[in-house]
Every structure is written in structure tokens, then in C-alpha cells.
Amino acid sequence: MKDAFGAPQSLLVLGGTSEIGLATARRLIARRTRVVRLAGRPSPALTAAADSLRALGADVRTVPFDALDTASHEERLGKVFAEGDVDMVLLAFGVFGDQARDESDPVAAARVAQTNYTGAVSAGLVCAGALQAQGHGSLVVLSSVAGERARRADFIYGSSKAGLDAFAQGLGDAMHGTGVHVMVVRPGSVRSKATAGLAEEPLATTPEAVAGAIELGLRRRSETVWVPGSLQMVMAAVRHVPRPLFRRLPV
Amino acid sequence: MRAISGYTVTSMAVETRVLDEDCRAISGWGRTAPTLARVHRPRGHAEAVEAVLAPGRRGLVARGLGRACGDAAQNAGGTVLDMTGFDRVLAVDTAAGVVACEAGVTLHRLMEALLPFGWFVPVAPGTRYMTVGGAIGADVHGGNHPVSGSFGRHVTALELLTADGRIRTALPGTPLFDATTGGLGLTGVILSATLRLLPVETSLMRVDTERVPDLDALMTRLADGDGDGESRHRYSTARIDLLARGADTGRAVLTRGDHVPYDALPRRHRARREPLDFRPGRLPVPPPRVPGVPLGRTTVGFLNTLWYRAAPRAATGRLRSLPAFFHPLDGVPHRNRIHGPEGFVRYRFVVPYGQEDALRRIVRRIADRGLPCFPAVLHRLGAGGPGPLSFPLPGWSLALGLPLGQPGLGRLLDALDEEVAGAGGRVDLAEDSRVRPEALAAMYPRLDEFRALRAALDPRSVLTSDLARRLGL
Ligand SMILES: NC(=O)c1ccc[n+]([C@@H]2O[C@H](COP(=O)([O-])OP(=O)(O)OC[C@H]3O[C@@H](n4cnc5c(N)ncnc54)[C@H](OP(=O)(O)O)[C@@H]3O)[C@@H](O)[C@H]2O)c1
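Each chain has its residues counted from 1, following the order in which its sequence is written. Working convention: letters from A go to chains and numbers from 1 go to ligands, in the order in which they are written. With pLDDT at 70 or above as the cut-off, local features in this predicted model cover only qualifying residues; side-chain atom pairs require 80 or more to be listed or tallied, and sums for whole chains, interfaces and linings still use all residues. Side-chain numbers here rest on the full set of heavy atoms in the structure, without hydrogens or water.

Some thoughts on the overall build of chain A
The number of helices and strands found in chain A is 9 helices and 7 strands. We compute the radius of gyration from the C-alpha atoms alone; for a globule the expected value is 2.2 Å times N to the 0.38, where N is the number of residues. Relative to the globule expectation of 18 Å for 251 residues, the C-alpha radius of gyration of chain A, 17 Å, shows essentially globular dimensions. In terms of its C-alpha atoms, chain A occupies a principal-axis envelope of roughly 55 × 35 × 35 Å. In chain A, the proportion of contacts linking residues at least 24 apart, taken out of those at least 6 apart, comes to 72%. Approximately 10,300 Å² of chain A is accessible, and the part contributed by carbon and sulfur atoms is 57%. The averaged location of the 24 negative side-chain charges in chain A is 4 Å from the averaged location of its 28 positive side-chain charges. Only DSSP runs of H or I reaching four residues or more are called helices, and only runs of E reaching two or more are called strands; each is numbered from the N terminus. Only heavy atoms matter for contacts: two residues are in contact if any of them lie within 4.5 Å across the pair. Note on areas: Shrake-Rupley with a 1.4 Å probe; residue coverage comes only from the protein chains shown. When charges are counted, Lys and Arg are positive and Asp and Glu negative, with His and the chain ends excluded. Lysine's charge is taken at NZ, arginine's at CZ, aspartate's at CG and glutamate's at CD.

So this is what it looks like as C-alpha cells:
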């Protein structure tokens, strides 16, 4: 069960090696989390991630999970819920793709969309149904500021996140009044191994900052969280920049 | 919710709940951590037994007026039995001062019904809007704890619907009865209880009020009041100002009182004609959706100063009505919203006598943080009851209302828990919404006894609550 501050005792991370996911798990373990399930594609990295959390004192296990294999989601994730209540699900899987290459490789581009959007729709619905059956819990969805307005530079990824974001908002409304809380998190550019080497973007943030914002959002039962918080104002303006001008902006 | 309720999970081990009219998100008085439950309001024993015999996968718990601050009376995904339909006073022995009533009868109702006969509830906690079942399940106490003990001490019998669907009569001195007092509803559904009452001649209180400059002076004054076993005052309560700075830290208003005997009423006082009159006033209730302005540090500081300054330096023998003395906050509408939209935590703990240093350290830590506690109430407690999870033990009990939104509050309370447990004290589980399960064993040494009794009585955990799940009770 979550405590008054929204700190969960059990956590399921979908995308078990995600840097943001692990930073969040570490932060929550320092509060109340004792049981962590890391769902992801089996790999040495996933095992190492589990070990790193176990070292902090949590009861950690990995669960085989592939976002692209939607047919298996019910069974794989259902097993986790059958073992005991899950107080919080963190939907953290996602791929950036390679915009330049994917524009000329539709199959690869579709894979970005399938992972970030279709996979999340399937996994999100399975988890929401299970949370609803237990009558409580939070589903935290890592969207992205890139989904707020598609940019020339990453519109394949951006459009998949736009779809995910809209899905998660709708799911949140569907879950309203059911005791299940859906929170959409929109980080700006997060400095991590995935973005290492890329040019630093304005309003960049860190996995730890995202984790902190998630902890706060849980306490407030927020529906939307921006990281950093100032992005909310910035994007409110960006959304209304006329297309001809937006095309020429260096974003 | 239609779209999702139509969605059925086939191969999963969990069934998707199809929502119906009775499903509601429920939280405690502190309005934190709401969860969904099917609320069922049984109208008689048969319906209650039926509910217990068909508990579903996630069990059930009884709920009264929902005054517990935390998650004691909520049950995510399961059933919550709303006991307010059990509202009949069954029998009153006006000569002996004994009442038998159903569990959903409120203390307010008991006062209304029994004061005209010259009887008062034996223990008066800070609100009269709680049910008898809730008062037993939380084993509540009031400002007369050193004299009268907690609520369970005055119960001479209770009817308990246990997990097997049987209705048992539990009598004091038996393990089942003891575990039920302070048992947070986890031993069974209390259906009715027989209580011993306190005789009073009037419905007025004779009240002594004084300002006390700091915590040490306050503890000395409170300890004085105990006198040689024979308490000079039946009731003592102190409200502390934890926002006052410097030398003022811990300044308090100490209020002590006794029931006024008829002969002690001033001549020509209107109460001479109607000595047992009971007409509590209520402020008008604003519409429920008014976005309340949460009490901030400035407002609480101001209120505290006002409370302190408005109190006489020392006044003795003033006559007050029962509600004004016992329940000054009951008249405030939506008073659980004053801490803002995020809700609040009530942190109530006790440290044993001899551990005054721990109390001082805790008070200093709270004062240093400048937390807008509203209210902060200090009581002296006497010998504890026999319930393994009953809160009171001989010592100093401090209860704080704290807005959830204070940065770092969760971590601070965890640190205070350690201080409390280290001193041999404990936090009150009936109000709790946040304590770490690991901290519990030290605070409640008889926890395993309680667990064993539950395991024997209710092997399938039919009776369960969010609190029980969170703490593994
Ligand atoms: N980093 C940023 O700048 C940023 C900004 C805004 C939003 N976000 C979003 O936040 C989330 C987490 O970001 P992050 O920086 O922590 O990313 P990350 O470290 O790259 O982690 C991505 C995770 O997704 C998993 N994943 C990818 N494809 C999968 C599939 N088919 N099935 C299962 N798991 C799959 C990866 O697992 P493997 O180890 O198996 O590859 C990895 O665990 C992502 O959704 C991302 O889009 C990130």
C-alpha cells in the first residue's frame, strides 16, 4: 500500500534497465519500497540493474517482458500482479530511434512507434486493469516533451510519444474515481547514456531530477508532471508558435 | 469508466472489477491515499453475516464515521462495511448507568440520549462524531486517561461478528475481547456493545485555564495535577504553540476541568432550571467544494498566538458547556480541509514517563522546522489497557495535525519514529497513515500475539484493511 505521502511499498518497472526507471526505484527504495520487479528483455544489463537495487536492500526480481510482443503482455504482467499487490507501475520503456536513418527505413521507424506507442497501449491497459482490480495504485507513464509539439529533428519519436501521452491522459480520465492514479511525466532532455554525445539542449534535466519530480507527483497525486517544472510555461508558449516560424527555430 | 469495465482479462490471475454504484474511493479523515472499495451498508445482523460469509478476494473491514486519520477503515479492492445503519440504542439502565447500543451509534447520540438521565460517556475524545464501534476499535482516550483509562475499560460486553460468520459475545478478560479493544477492526465486526457510564449532575464543566510559558513548566503543571493518586482534575488538555520562537517555544494553554455538581451551580444560574441541557451549536456549513485556503505557517502562527493571548493568564472556576470544553473544533465545518487540498497527517505518539528528554528533543525538532502544526495537543496518559495493539501507555502523548505538503515531512516523521521507539514509546495506529512496518515491532511488543490470534481466528484474512496490508498486521 502507498503511505500518506504516496510512497509505494511495491514497484513494477516496465523497461527494467531504464536510467530514469532505476533512478526512481533507488529514490523510492530510500522511502518505503521493499519489493521491486524489473520487467525487460533479459540481458546482462537487466541482471546488473536488479543486483544494484538488491544491494540497497530491496526484494528484487526480473520479469521477461518485450514491449513489441504485445500478445504476451497479459500473461507476463498478470503473473506479477498475481503474486501480490503492485502499488506503482512505472512505464519507462522507450526507444529514441535514429531519426535520420529511420526516415529512409520505414520498418525501423515503425518499430519506434510500436515500442513507444503500441507496446505502451497494451502494457498500460493490462496494468490499469490489474490495478483497478486491486482498487489502488499508480501508473506512472514516462512521456516526453518531444510529444508536445513534433519537431523536424525527431518527429518519429515525438509522434509516438504524442500518441502515448494522449493515451495516458485518456486512461487517467477513465481511471478517475477508481482509486487508480495515472500520472503523465514529461521530461525535457534527460542527460543520460542515451543522450551522451548529443548537443546539450536547453532546459535539460537528470534522471535523479525526474525521480524527485515523480516522488513529489505521487504525493500530490498529480496528473501531469513536467521536469523541470519551468517546461510547462515554455511549452505553453511553444505550442502556439506559428508553423513557419517554428520550422526555423533551432529546437 | 464504462470502457475499462467492459475490458475483461482472460488469461490473467486477476479478475477485472466491474464497477457498480456502490464502489467508491475512500480515504480517512486526513484525506490521503484514497482507494476504491465496494461500500455496503448492512441493515441488520443477517446482512452483516452475509457480507462476512461472502467477502470476495480482498476481504472486508467495518467503518464508522471515518474519523480515523489514516487508512484503518479503508479496504482497497474489497468491501467496506458502513456500520452507521446500526444506530439503535438498545437498552439503558438509568439506575446503574449502563447502556447497550449498536456499534454505529455515535458518541454525540449517546450524549443526547443519556445526559437527560444524568449519565455521560466515560471517555470523551476530541470529537463526539465517532461511533461506539470505532471508539472500541481504536481504543480511544481523552483528557481523563490517567483517571479513567481508555474506552475499552468501560465496555462490559460486546457482540462480535467474526470471520467465520459467527456472532460471539466477548467479555473483558478474554483474549478475543482484549484484542478487539484497539484491534482496528481486524478481529471482527463489532455489532453492539454494553458500556458503563459516568454519572454527572449537570451538563456544565468547571474549567481552569492557564497560560504556561514553556514545555518544562507545562510538564510540571500537568504532573502536579495528578496529586496523590486522586486527580485534582478529571480532565486535562494542553494546546502547545510549536511555532513560537526562541524562549516561547512550547508555550501552551493548559485547560483542566471537572463536571459541576448541581449544588455548586451559582444561585440563579439558568442551569439550575435545566441542569442537563445539551444543545451543541454548529457553525453554518459552507458548500463542500469551496477551495479552502490552506493554513500556512503565518496563519497557524497567528492562530496560535491568538489562542495563547486570548487565554487568561490564569482563570479558575469558569463554567463552560460540554461541547465547548471537550469538542471546541467539532463546530468547525469541514475542519479536515483546513490543511489544504493535499490533506494532512495526524502524528500521535506517546513516550513513557522518564523519557522527557525524548519529548523535548522531538518538540524542538518540530519547532525548529517551523511546521504549521494545528492543533498540537499534549496529554498525560495512565496505565494502558489490555489490548495488544491498544495505543496508550503511561507517559506523555502528543498529537499533531500536519499538512502533507510540508517539504521533507515524511523523512522528518520517520526520524521522529525512531526517537519515539528508542524511548520505548509508540505511535497511534488508528491515526497512522505512514509509519514504516519495520518500526512496528519495537513499538508494539505484543504484535506477534495479535498476529497469532488473528491467524487462528481468521486464517483467510477475511477481515483486512489498507492499514493491515501496509503494516502486515
Ligand atoms: N532520456 C531522455 O532524454 C528522455 C526524455 C524524455 C523522455 N524520456 C523517456 O523516458 C523513458 C526512459 O528514458 P531513459 O532515459 O531511462 O531511457 P533508457 O535508459 O534508454 O531506457 C530505455 C528502456 O526501454 C527499454 N526498452 C526498449 N525497447 C524495449 C522493448 N521492445 N521491450 C522492452 N523494453 C524495451 C530498454 O530496455 P533494454 O535494456 O532491453 O534496451 C530500457 O530499459 C523512455 O520512455 C524515454 O522515451 C527520456
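Considerations on the side chain of T209 of chain B
Its place among the elements puts T209 of chain B in strand 12 (residues 204-212). For the exposure calls, accessible area comes from a 1.4 Å probe over protein chains only, and a residue counts as buried if that area is under 20% of its type's maximum, exposed if over 50%, partly exposed in between. Take T209 of chain B: its relative accessible area is 9%, and that puts it in the buried class.

Regarding the interface of chain A and chain B
Listed per partner, the contact involves 36 residues of chain A and 42 residues of chain B. The term buried area denotes the loss of accessible surface (1.4 Å probe radius) that occurs when two parts are joined, taken as the sum for both partners. A buried area of about 3,200 Å², summed over both sides, lies between chain A and chain B, and 55% of it is on carbon and sulfur atoms. A pair is scored as a salt bridge if a Lys or Arg side-chain nitrogen falls within 4 Å of a carboxyl oxygen belonging to Asp or Glu. Counting across the interface, chain A meets chain B through 7 salt bridges. In protein, a polar contact requires one atom able to donate a hydrogen and another able to accept it; more generally it is a pair of N or O atoms within 3.5 Å, and residues adjacent in sequence count only if both atoms are side-chain atoms. In this structure, the connection of chain A to chain B is made through 12 residue pairs in polar contact (both at pLDDT 80 or more).

Quick notes on the sheet that holds strand 5 (residues 137-142) of chain A
Residues and elements named next belong to chain A. A pair of strands counts as paired when DSSP detects no fewer than two bridges linking them. Across the sheet, 7 strands lie side by side as 3-2-1-4-5-6-7; this open sheet has parallel pairing. Strand pairing shows two members of the sheet lacking a second neighbour, strand 3 (59-64) and strand 7 (224-227), which therefore form its edges. If you compare each strand with its neighbour and ignore which way they point, the axes differ by 20° on average. Orientation is described by axes fitted as lines to C-alpha atoms, over the contacting stretch for helices, and by angles from 0 to 180 degrees between their N-to-C directions.

Re the packing of aromatic side chains
Any pair of Phe, Tyr and Trp rings, taking the six-membered ring for Trp, is counted once the centres come within 6.5 Å. Such a pair is stacked with planes under 30 degrees apart, edge-to-face with planes over 60 apart, and tilted for the rest. Counting across every chain of the model gives 8 aromatic pairs over all chains. Ring geometry for F65 of chain A and F93 of chain A: centres 5.5 Å apart, planes at 50°, overall tilted. Taken together, the residues span a long stretch of sequence, with F65 of chain A in the loop between strand 3 and helix 3 (73-83) and F93 of chain A in the loop between strand 4 (88-91) and helix 4 (99-102) at a distance of 28 residues. Residue classification places F65 of chain A among the buried positions, given a relative accessible area of 4%. Look at F93 of chain A and you get buried, because its relative accessible area is 10%. Counting as a charge over the ring demands two things of the Lys NZ or Arg CZ atom: a distance within 6 Å of the ring centre and an angle within 35 degrees of the ring normal. Positioned over the ring face of F246 of chain A is R149 of chain A, at 4.1 Å from the centre of the ring. Across the ring face of W396 of chain B, the terminal group of R380 of chain B is positioned such that the distance to the ring centre comes to 4.9 Å.

Describing the domain arrangement of chain B
Residues and elements named next belong to chain B. By domain assignment, chain B separates into domain 1 (89-200) and domain 2 (204-435). Domains are outlined according to an automatic or database domain assignment. In this structure, domain 1 and domain 2 have C-alpha centres spaced 23 Å apart. Roughly 2,700 Å² is buried in total at the junction of domain 1 and domain 2, and carbon and sulfur atoms are behind 64% of that figure. Three residues, R128, H141 and H145, lead the burial of domain 1 against domain 2; their summed loss comes to 20% of the area buried on that side. Summed over the shared surface of domain 1 and domain 2, the result is 0 salt bridges. For the side of domain 1 that touches domain 2, the element with the highest residue contribution is helix 5 (residues 145-148), accounting for 4 residues.

Quick look at the site of the ligand
Residue and element names in this part refer to chain A. Distances are taken per atom, and a residue is near a molecule or strand as soon as one of its heavy atoms is within 4 Å of it. In the neighbourhood of the ligand, 28 residues make up the surrounding shell, with T17, S18, Y157, K161 and V190 lying closest. At 2.9 Å from an oxygen atom of the ligand is found a main-chain nitrogen or oxygen belonging to E19. One of the side-chain nitrogen or oxygen atoms of D66 is found 3.0 Å away from a nitrogen atom of the ligand. Expressed as a share of its isolated accessible area of 880 Å², the protein-covered part of the ligand is 90%. For the shell around the ligand, the secondary-structure elements that each account for two or more residues are helix 1 (19-29) and helix 6 (155-174). Partitioning the shell around the ligand into residue classes produces 12 nonpolar, 12 polar and 4 charged. When residues are grouped by polarity, Ala, Val, Leu, Ile, Met, Phe, Trp, Tyr, Cys and Pro land in nonpolar, Asp, Glu, Lys and Arg in charged, and all others, Gly among them, in polar.

Brief notes about the packing of helix 10 (residues 356-369) of chain B against helix 11 (residues 409-422) of chain B
All names here are of chain B. Here helix 10 crosses helix 11 at 170°, and the two axes come no closer than 10 Å. As far as their axial angle goes, helix 11 and helix 10 are roughly antiparallel. From helix 10, A358, R361, I362, R365, I366 and R369 reach across to helix 11, where they touch L409, L412, A415, L416, E419 and V420. In terms of residue class, the contact of helix 10 with helix 11 is built from 8 nonpolar, no polar and 4 charged. Under this scheme an angle from 65 to 115 degrees is roughly perpendicular, one under 35 degrees roughly parallel, and one over 145 degrees roughly antiparallel; angles in between are oblique.

Concerning the pattern of salt bridges
Under the definition given, this model contains 49 salt bridges over all chains. In this structure, the salt-bridge partner of R219 of chain A is E342 of chain B, at a minimum N-O distance of 2.9 Å. With R219 of chain A in helix 7 (residues 207-220) and E342 of chain B in the loop between helix 9 (322-326) and strand 16 (344-352), this residue pair bridges two chains. Comparing R219 of chain A with E342 of chain B shows no difference in burial state: the two are buried. Ionic pairing is found between R220 of chain A and E342 of chain B, a salt bridge with its closest N-O pair at 3.6 Å. With R220 of chain A in helix 7 and E342 of chain B in the loop between helix 9 and strand 16, this residue pair bridges two chains.

What about the packing of helix 1 of chain A against helix 7 of chain A?
Residue and element names in this part refer to chain A. At a closest axis distance of 8 Å, the pairing of helix 1 and helix 7 adopts a crossing angle of 55°. If you check the angle between helix 1 and helix 7, you find them oblique. For the crossing formed where helix 1 meets helix 7, the hand is right-handed. Contacts between helix 1 and helix 7 pair E19, I20, A23, T24, R26, R27 and L28 from the former with P207, E208, V210, A211, G212, I214, E215 and L218 from the latter. Per-class residue counts for the contact of helix 1 with helix 7 are 8 nonpolar, 2 polar and 5 charged. Left-handed is the label given to a crossing in which the near helix is rotated counterclockwise from the far helix by less than a right angle, and right-handed is the label when the rotation is clockwise.

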